[in-house]
Amino acid sequence: MMRFIVIDGLDGAGKDTHAKLIKKRYENMGEKVIYRSHPENDNPYGRRAKKALLKKGKINHLKASIYYALDVIRSLHLYYRSKEADTLIFVRYLMGVAYLPPKIAWILYHIFSLIFPTTKYMFFLDVSPKESLRRLQERNEHEMFENLEDLKHVREKALRLAKNWHIINTEDNITDVQKKIDKILDQLDKGEKT
């Protein structure tokens, strides 16, 4: 059975960095890995979600949410249960709802958790909003939620939703954080084989 790994977290928490290290880990074991980082540029939904995220306003917030969801659903349809891979890694998955108002976020998270596949391999990469903002300011593009106030609110909502997730603080250096992730992956992989 294919291993399904989810990497989610606050903007600037190192999701893509650590997901790529996880991908490399399993490829080094001789596995075939499919890696999806949402929103993806290989389809119109992902491109439209990204375009809306780079703008401001409620309409773009709504567009970003809808197109993001469609991009994730498309990835599930195409790659979940794929015979072409041993491991499927999704970067940004269920926690996208944390960018919505609190009550809507809670309802949608629970609905999506019932409808869409979940896994023991769900990691929430946590970072303080101040550190997140510092890291984000080093980037060329800036999305609508990349300000201290929004980052605080999104983090609070996401941590309340991440009850059965492996929560990893990513404020340490990349190597130390990845060692924590690898230790959990080792334990989960052993459990999968028994």
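Everything here concerns the structure above.
Residues numbered from 1 in each chain as written. Predicted model: local features only at pLDDT ≥ 70, side-chain atom pairs only at ≥ 80, totals over all residues. Heavy atoms only, no water.

### Some words on the overall build of the protein chain
Convention followed: Every helix listed is a DSSP run of H or I at least four residues long, and every strand listed is a run of E at least two residues long, numbered separately from the N terminus. Throughout, radius of gyration means the C-alpha value; the globule benchmark is 2.2 Å times the number of residues raised to the power 0.38. For the exposure calls, accessible area comes from a 1.4 Å probe over protein chains only, and a residue counts as buried if that area is under 20% of its type's maximum, exposed if over 50%, partly exposed in between. It only takes one pair of heavy atoms within 4.5 Å for two residues to be counted as in contact.
Within the protein chain, the regular secondary structure consists of 7 helices and 5 strands. N-terminal to C-terminal, the α/β element order of the protein chain is β-α-β-α-α-β-α-β-α-α-β-α. For the protein chain, the C-alpha radius of gyration of 16 Å lies close to 16 Å, the compact-globule estimate for 194 residues. For the protein chain, the C-alpha atoms occupy an extent of roughly 50 × 35 × 30 Å along the three principal directions. Taking all 194 residues of the protein chain together, 47% fall into the buried category. When contacts within the protein chain are restricted to residue pairs at least 6 apart in sequence, long-range pairs at least 24 apart make up 75% of them.

### Points about helix α6 (residues 148–161)
Counted only if it meets this: A helix's residues, less one, multiplied by 1.5 Å, set its expected span. An arc is given here, and it is the one of the directions from the helix axis to the C-beta atoms.
With 14 residues, α6 should cover 20 Å at 1.5 Å per step; its first-to-last C-alpha distance of 20 Å lies within 8% of that length. Among all positions in α6, only L151, V154, K157, A158 and L161 are buried. Projected onto a plane normal to the axis of α6, the buried residues spread over an arc of 135° and lie on a single side. Of the surrounding elements, those touching the buried residues of α6 are α4 (102–115), β4 (122–126) and α5 (129–136).

### So, α5
Judged by how many residues are buried, α5 sits mostly within the fold: 6 of 8 residues are covered. Buried residues of α5: P129, E131, S132, L133, R135 and L136, and no others. Close packing links the buried residues of α5 with α6.

### Here's the deal with the layout of surface pockets
Which entries qualify depends on this criterion: Cavities and pockets are found on a 1 Å grid laid over the protein atoms alone: a cavity is a set of points where a 1.4 Å probe fits but cannot escape, a pocket is an open set with protein on both sides within 12 Å along at least five of seven lines, and a lining residue has an atom within 4 Å of such a point. Grid points are joined across faces, edges and corners, and a volume is the space filled by probe spheres set on the points. Residue polarity follows a fixed list, in which Ala, Val, Leu, Ile, Met, Phe, Trp, Tyr, Cys and Pro are nonpolar, Asp, Glu, Lys and Arg are charged, and the others, Gly among them, are polar.
Taken as a whole, the second largest pocket encloses approximately 170 Å³ of empty space. What lines the second largest pocket is simply Y109, H110, S113, T118, T119, M122, R160, L161, K163, N164 and W165. Elements supplying a minimum of two residues to the lining of the second largest pocket: α4 and α6. Per-element accounting of the lining of the second largest pocket gives the leading share, 3 residues, to α4. Class assignment for the residues of the lining of the second largest pocket results in 4 nonpolar, 5 polar and 2 charged.

### Quick notes on the pairing of strand β3 (residues 87–91)
Heads up, the condition is: Strands are labelled as partners when DSSP assigns at least two bridges between them.
Of all 5 residues in β3, 5 are buried, a share of seventy percent or more. Here β3 shows no split at all, with T87, I89 and V91 on one side and L88 and F90 on the other all buried. Inspection of the sheet shows strand β1 (residues 3–9) paired to β3 by 5 bridges, in the parallel sense. Bridge assignment links F4 to a residue of β3, and that residue is L88.

### Considerations on a nonpolar patch on the surface
Keep this limit in mind: Patch construction takes residues with relative accessible area above 30% that form no salt bridge. Like charges are linked within 9 Å, and nonpolar side chains (Val, Leu, Ile, Met, Phe, Trp, Tyr) are linked within 5 Å. Shrake-Rupley sampling with a 1.4 Å probe provides the accessible areas, and residues are treated as covered by the protein chains on show and by no other component. By convention in these notes, a salt bridge is any Lys or Arg side-chain nitrogen within 4 Å of a carboxyl oxygen on Asp or Glu.
Together, Y45, L62, I66, L70 and I73 line one region of the surface with nonpolar side chains, adding up to about 400 Å² of accessible area. Considering each element in turn, the nonpolar patch owes the most residues, 4 residues, to helix α3 (residues 58–79). Relative to the elements of secondary structure, L62 occurs in helix α3.

### Remarks on unusual backbone geometry
Cis rather than trans, the peptide bond between H38 and P39 has omega equal to 0°. Here P39 is to be found in the loop between β2 (33–37) and α2 (44–53). Here R81, not a glycine, exhibits a phi torsion of approximately 75°, which is positive. By the element assignment, R81 lies in the loop between α3 and β3. Under the relative-accessibility criterion, R81 is labelled exposed at 64%. One non-glycine residue, R92, lies in positive phi territory at about 70°. Mapping R92 onto the fold places it in the loop between β3 and α4.

### Remarks on the packing of α2 against α3
In a packed pair of helices, the relevant descriptors are the angle between the two axes and the axis-to-axis distance. The following threshold applies: Between N-to-C directions, angles span 0 to 180 degrees; the directions come from axes that are lines fitted to C-alpha atoms, helices contributing only their stretch in contact. These descriptions rest on fixed angle ranges, namely under 35 degrees for roughly parallel, over 145 for roughly antiparallel, 65 to 115 for roughly perpendicular, and the rest for oblique. Whether a crossing is left-handed or right-handed is set by the direction in which the near helix is turned from the far one by less than a right angle, anticlockwise for left-handed and clockwise for right-handed.
The N-to-C vectors of α2 and α3 enclose an angle of 155°; their axes lie 8 Å apart at closest approach. Classed by the angle they form, the pair α2 and α3 counts as roughly antiparallel. Crossing of α2 over α3 shows left-handed handedness. On α3, the residues that touch Y45, G46, R48, A49, A52 and L53 of α2 are N60, K63, A64, Y67, Y68, L70, D71 and R74. A per-class count over the contact of α2 with α3 returns 8 nonpolar, 2 polar and 4 charged.

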